[in-house]
Structure formats: C-alpha cells, structure tokens
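Examining the three-dimensional arrangement
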Amino acid sequence: MLNKFSVVSPIKGKRICLDEVKDDLFRSSVMGPTVAIDAQDCMLYAPEDAVMSVVFDTAHAYGLKFKNGVEMLVHIGINTVELNGEGFEAFVKQGDSVKKGTLLAKFDKELIASKGIDPTVMVVITNAAQFENVVVKDADLIDLHTAVFEVIEGEVKEKKGNKKMNKNEQLAKDILTCVGGYENINKVTHCSTRLRFNLKDETIVKEAELKKLNVLKVIQAGGQYQVVIGPEVSNVFKYIGFNDNGTSGSETKEKVSPVNKVFDIISGSFSPLIPVFCGAGLIKALCAVLTMLNILQTTDSTYLILSAAGNSVFYFLPILLGVSIAKKLNLNPYVAAAIGAALMEPNFTGLASAEGAVTFAGIPVMVSDYSSSVLPIFGAVIMLYVVENLLKKYLPADVHIIFVPFLSLLIVVPLTILIFGPFGIYLGNALAAFISFIMGKSAILTGAIVAGIWLFVVVLGLHWAIIPIMINNMALNGSDPLMGVLQGASWVVCGIAIGTFLKTKDTRLKEVAISGFIPAFLSGISEPILYGILFRYKRTLVISVISMAVCGALGGMIGVAATQLAGGIFTIFTYIPIINYIIVILVAIILPAVLIMIFGLGEEGE
C-alpha cells in the first residue's frame, strides 16, 4: 500500500519555471526534483523537524534531513558561493537539530542582485531515488505552509531501496561524495582513462578516502583534480550526471594561474577529440594493411571511401576543434564551427589560384591551406570569446539570438583571415622547423631526453601543450618524428606488464599486469600499468625510464615517424619506416621485461 506525504516550502515567494533558471545543473533537475523560488522576505526556515546535514561556510546553501527520511538542499542564488558569505547570515551550524519553523538563515536579495548574481532560491529533494516517486506540486505563490513536493512511498520503495547499484554507479557516487558533491564542481570531463574535475574548493576534498576507492591514482595537475580510473572511465562518467560538455552551469571565477588556464583550455579542447583521433587512426591503419596485402589499390573506390573516413577528422580539424574549444570556453559552438568552415569554404580557398592581388576592403590577404591546421582556429575562437562576450554585454537580450552570431561572424572571420590565420600558419611552420632542427642536430640525444621524461610529462598533464605541435607537423609534412620516438614509451609499458607477470608470485599483481597489458597492447593506453605498477614499485619506475630513454634514442637514430596519433598493435602500419618501428617495439617490450626478471620489482612504496 502506498503512503503519501507532503513537504512544505522553507521560504516565501513566487515560483519560477525551471526553464527560466540560468543554470544547467538546477534546470535539468540532475540532483533531484527541484523548485525555483523568487524569495519574498529573504528568510529561510526549517519546514519540518530536521538535522542540518550541510551548512556551507559561505552561508549560501543548506542541507536538511527530515525524520521521514527526506533530504532537502536549499541553495540561495546561482553562483552565490562567489560572494564568500557577503549578504548572508546563518543561524545554525552543520550537525544542529532544528524544530519546524526555526529560522535558519537570512540574506540580502538586493545586494546579491547588485553583484550581477541571480538570487533565485533552489529547493531540491536530493534522495528522491529512495522513494517510489516525488512529485513537484503546482503552486505559483508559495508560503511557509505551501506544499511544494508530494512524496510517495510504499512497497516499491522497499524494492528500490534494496536495489544494488552496479560497480560503476557506486564508484561515481563515492567519488562525488569525496570531491565535495555537485556543489563543489565547476566542470568535469574525462579522457580515455581519467575523470578531470575543476573544483571550486580543493581543500574540502577527502583525498584519503578517495584514494581508498577502486581508482588507480589521484592527481592534482594543470589546475585540475584528476581521478585515474582506467578504460572504464566513460562508464563511470555517465553516472556523474553532468551535461554533455561537463559543466555544472554554476562555475565560480576561481583564481587560476595563467599557465594552468592555458593547459586547462588545451586539454579541455583536445580531450573530447582523442577518441575520434584514435578511431580515424585505426581506419588509416586498416587502409595501409589492405594496400600492403594488395587487397585494395589506392585508386579503388572502396579504398577512397575508407580513406575519406580516416582523413576526414584531420582534414576538417579546424571545424571540429572550433566546436571543442567553444564548448570549453562556453561559447556558441556552431558559430565557432562556421568560422572554421569559412577557412575551408571553396570560394575562399579558390582565391589561392586567383590572378592578381587578393584583398579584403583594400587590405592584402594571404590565402593559405587551413585544412588540418590547429593554431589558426585557436586564435579565432579566442577572438570569438572576446567579441561574443562584449556583444552580449552591450546588446539588448532580445536581439542576442540574431545579432550576436551575425556580428560575431562578421568580425571574427575577416580578422582570422587577415591576422590569426597567417600568424598561426607562420607559427606552426616555425614549430615544425624547430622540431626538424633539433632532431637533425642530434636525433639520438633528443629522442633519449624527450622519451625519458615523457612519462612524467603525461602524469603532469603537460603533454597537451605538445600534442598540437605533433598534429601540426602531420598536417604540414605528413608525419611527425617526435611522436615516432615517443611511441616506444607505450610499448615499454607492455614490457613492464610482461616482466611483472612473469616475476611476481602475487596473484593480485598478476591480475593488474595482465589487465593493464591488454589496453596498452591494443590501443596504447598506459595508465593502468602506470599507476598500478610503476608508481607502486620504484625499481620498475627506474627501469621504465631507462627503457623509454633507450627506445627514444633508438627511434631517433633509425628514424621513426608517425602519421597519426593512435598507438597499439593495430596502428603499426601507420608508422614509417614500418620495419624500423617494429625494431623499436621489440626492444621496448623485451628490455624492461628482462630487466625486471633480473633485478625484480623492488619494494612497494608510495
């Protein structure tokens, strides 16, 4: 039999439609059934006898747990954490037991609004999944006795309560708890192995508890709190509950160093594209194998169609990257895509073969091939960031939908063609020439040094500054020597896994070795071995650094270059010369495995 009861409002005011709430997290009711209220007297009261489960130091958010089991979050305003308590006064503290009608807090609505912050009060039932249903009641004018939720419990509640979460759902819930919950998250994205959190306050993270979860490693790097999970990361991420670009819609303007900001933008822009880079790389590898075996010829229509699938990502990179950068910067991604497309539009590219000077409003234009380019679209979208925000600031809101895109394209496309495009091309050519120069001076020494430190570069997230250079080299020259000498590092990880599996008598460690070997061998994903073995056993870390340096030097000496970014066994045919790359692979696997068999794993340590 079903049991129903009502939950009344903690504040007086007028109900606001959720569609009008300027916050993705609350508008989408990710945290639970939600009511938005335009407060009348700015006084917050306990709607029932409760325990204060959460009271933020900034006094802008309160969690209450009622005797009937309902858990409520009251969040005063959007982004009000930025005020650091200004305009708020709390009369309770976390852990207090309060009676119905107890004054919990008061706030200055006008002061909040004067700071350009939305003062809308959000009331959320955060544990609705424990009940059969929680219904939001229809009520426009809300008093302290107005029922805003109807909670239904009964036989189904017991079934739901006993329903076990799968391991990924439970892990996601535990990670959220450890990082401070939704309230403490600005943004969360993921790459192939890591959850990447941009947090409002890293000091409240329960790091010791987080490390005890079924995760490989916890890292603070590049302005992010990174939780390394391994290949299952995408299955955990879907239970985190954020929107497609990972934003909560309630980001704080935290102080971030310029260097961390740059790395955050680069990593946040390239991370979503890595899977499609790898997919396209495997298509290119398949084409190479089919032609090598004479199954297809490069003139066959089947080959050309497959080749189009493999080349499309790289050829139209300015469009894809424009979308990704725009999402990272919270801009209109379709305007950014249109800017990238303008650089490749046939009428524009046809100007390269036009007779006479090419000008725009009398200004000379350098027409270049922007396909596969990286740097020009970065400059264009950064300019779009400035232009779009200025337009939104000074134009009336009623005309934003038409005039912001119109003026953005009108301003940014010509500036890109006149300034950012040529500058990006020149800079890209200079970087490519620099890589060629240092490799030409001493490919052996360059390969040894870069490959020897690459493991630590990846762990610190610094590799995101180098990946655009590699892509640029591939676009300009068809291949990249730097990626060629570095790919041996991925195969060293396979050797570490084999050596560990053969040497150790620990069943659990054997499982870590074999489970980490599979993604490393198939697709070049090294984090499971990195954090499951290398950073646990110091001797294996030393062996891996030595082996990576040797393979880097070898790759530089015999000349290995990559034509795409993906790694693993299926992409061997995309590295040139193939036989030289196979030699590097064999050394990379055999050397660390033999060294571990001789010297062992060493003592386990932090």
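Here, the structure is the one placed above.
Heads up: these notes are all about the structure in this document. From a predicted model like this one, the values you see are computed outputs, not experimental measurements.

Each helix and strand counted, the protein has 21 helices and 22 strands in total. Relative to the 2.2 N^0.38 estimate, which gives 25 Å for 606 residues, the radius of gyration of the protein is 28 Å and therefore close to what a compact globule would have. Along the first, second and third principal axes, the C-alpha set of the protein runs to 80 × 75 × 45 Å. Sorting the 606 residues of the protein into buried and exposed places 49% on the buried side. Sequence separation of 24 or more characterises 72% of the internal contacts of the protein that already satisfy a separation of 6 or more. By element, 61% of the accessible surface of the protein is carried by carbon and sulfur atoms, the whole surface being about 28300 Å². Within the protein, the 50 negative side-chain charges are centred at a point lying 6 Å from the centre of the 47 positive side-chain charges.

Across the sheet, which stays open at both edges, the 8 strands sit in the order β9-β5-β6-β7-β11-β3-β2-β13 with antiparallel pairing between neighbours. At either end of the open sheet lies a strand with only one pairing partner, and these are β9 (97–98) and β13 (141–142). Alignment of strand β5 (residues 50–55) against strand β6 (residues 61–66), held across 5 bridges, turns out to be antiparallel. For M52, the partnering residue across the bridge sits in β6 and is L64.

Before going further, it helps to spend a moment on the nonpolar core. Within the largest apolar cluster, 90 residues are counted, with the highest numbers of intra-cluster contacts made by F270, F277 and L321. It is helix α14 (residues 400–459) that provides the largest number of residues to this core, a total of 13 residues. When sequence neighbours within four positions are dropped, the list of residues in contact with L321 reads S269, F270, L273, V374, I377 and F378. Counting residues in hydrophobic clusters, the runner-up holds 39 residues, among them I76, L83, V121 and V134.

With that settled, consider unusual backbone geometry. Cis peptide bonds are those with omega within 30 degrees of zero, and the linkage from I576 to P577 qualifies with -15°. In this structure, A59 takes a positive phi of about 60° despite not being glycine. Considering the arrangement of structural elements, one finds A59 in the loop between β5 and β6. Relative accessible area serves as the criterion here: at 7%, A59 is assigned to the buried category.

Turning our attention to helix α18 (residues 507–523). The first and last C-alpha atoms of α18 sit 25 Å apart over 17 residues, in line with the 24 Å expected at 1.5 Å per residue. All of the buried residues in α18 are L509, V512, A513, G516, F517, P519 and A520. One or two steps after α18, the chain reaches G524, where phi turns positive at roughly 80°.

What follows covers the sheet that holds strand β8 (residues 88–90). Sheet strands line up and pair through hydrogen bonds in the backbone, either parallel or antiparallel. Spatial strand order, β4-β10-β8: 3 strands in an open sheet with antiparallel pairing. Two strands lie at the open edges of the sheet, namely β4 (43–45) and β8, each paired on one side alone. On average, each strand axis in the sheet is tilted by 15° relative to the strand beside it, whichever way the strands run. Bridge count for β4 against strand β10 (residues 103–107) is 3 bridges, and the pairing is antiparallel.

All buried positions along helix α11 (residues 333–342) are accounted for by P333, V335, A336, A337, I339 and G340. Regarding α11, its N-cap is N332, as a side-chain oxygen of that residue lies 2.9 Å from the backbone nitrogen of Y334 further along.

On to the packing of aromatic side chains, then. One pass over the structure, following the stated rule, counts 8 aromatic pairs. Centre to centre, the rings of Y575 and Y581 are 4.1 Å apart; their planes meet at 15°, and the pair counts as stacked. With respect to class, Y575 is no different from Y581; both count as buried. Every member of this aromatic cluster is reached through a ring pair, and the members are W491, F517 and F521. Taking the ring centre of F501 as reference, the NZ or CZ of K510 above it sits at 4.5 Å.

Of all 6 residues in β6, 5 are buried; the element is thus mostly enclosed. In this structure, β6 lies alongside strand β7 (residues 71–76), joined through 5 bridges in antiparallel fashion. Paired with G63 across the two strands is L73, which belongs to β7. Between β6 and β7, which follow one another and run antiparallel, lie 4 residues, and G69 among them has a positive phi close to 95°.

Let us now look at the environment of V98. Mapped onto the elements, V98 comes out in strand β9. Counting along the chain gives 52 residues from V98 to A46, while the straight-line C-alpha distance between them is 7.1 Å. Those residues in contact with V98 that lie beyond four places of it in its chain are A46, E48, D49, A50, M52, V92 and L104.

Summed over the entire model, instances satisfying the criterion amount to 8 salt bridges. Between R15 and D138 there is a salt bridge; the shortest N-O distance is 3.8 Å. You can see R15 sitting in strand β2 (residues 13–16) and its partner D138 sitting in the loop between β12 (133–136) and β13, a full 123 residues away along the chain. By relative accessible area, R15 is classed as partly exposed at 25%. With its nearest N and O atoms 3.8 Å apart, the salt bridge here joins E89 to K106. Of this pair, E89 sits in strand β8 while K106 is found in strand β10, placing the two residues 17 residues apart along the sequence. E89 sits in the partly exposed class, given a relative accessible area of 36%.

Cut-off values and rules
- The numbers attached to residues start from 1 for each chain and follow its sequence in the written order.
- Given that the model is predicted, a residue must reach a pLDDT of at least 70 before its local features are reported, and side-chain atom pairs must reach 80 or more before they are shown or counted; all residues, however, enter totals for whole chains, interfaces and linings.
- Side-chain numbers come from the whole structure's heavy atoms, not from hydrogens or water.
- Numbering goes from the N terminus for both helices and strands, where a helix is a DSSP run of H or I of at least four residues and a strand is a run of E of at least two.
- We compute the radius of gyration from the C-alpha atoms alone; for a globule the expected value is 2.2 Å times N to the 0.38, where N is the number of residues.
- Any residue under 20% of the maximum accessible area for its type is buried, any over 50% is exposed, and the rest in between are partly exposed; the area is computed with a 1.4 Å probe on protein chains only.
- Should any heavy atoms of two residues lie within 4.5 Å, those residues are counted as being in contact.
- In short, Shrake-Rupley with a 1.4 Å probe defines the accessible areas, and a residue's cover is counted only from the protein chains shown.
- Note on charges: Lys and Arg go in the positive column, Asp and Glu in the negative column, and His and the chain ends are not counted at all.
- Charge coordinates come from a single atom per side chain, which is NZ of Lys, CZ of Arg, CG of Asp or CD of Glu.
- Only strands that DSSP links by at least two bridges are regarded as paired with each other.
- The set of buried Ala, Val, Leu, Ile, Met, Phe, Trp, Tyr and Cys residues whose side-chain atoms join them within 4.5 Å is what this entry labels a nonpolar core.
- What a helix should span is 1.5 Å times the count of its residues minus one.
- Lines are fitted to the C-alpha atoms to define the axes, a helix being fitted only along its stretch in contact, and any angle between axes, read from their N-to-C directions, falls within 0 to 180 degrees.
- The term polar contact refers here to a pair of N or O atoms within 3.5 Å; inside protein, the definition further demands a hydrogen-donor-capable atom paired with an acceptor-capable atom, and it admits residues adjacent in sequence only when both atoms are side-chain atoms.
- A pair of aromatic rings is counted whenever rings of Phe, Tyr or Trp (Trp by its six-membered ring) have centres within 6.5 Å, and the orientation is called stacked for planes under 30 degrees apart, edge-to-face for over 60 and tilted otherwise.
- A positively charged side chain is recorded as over a ring if its NZ (Lys) or CZ (Arg) lies within 6 Å of the ring centre. The angle to the ring normal must also be within 35 degrees.
- Between Lys or Arg on one side and Asp or Glu on the other, a salt bridge is scored when a side-chain nitrogen of the former is within 4 Å of a carboxyl oxygen of the latter.

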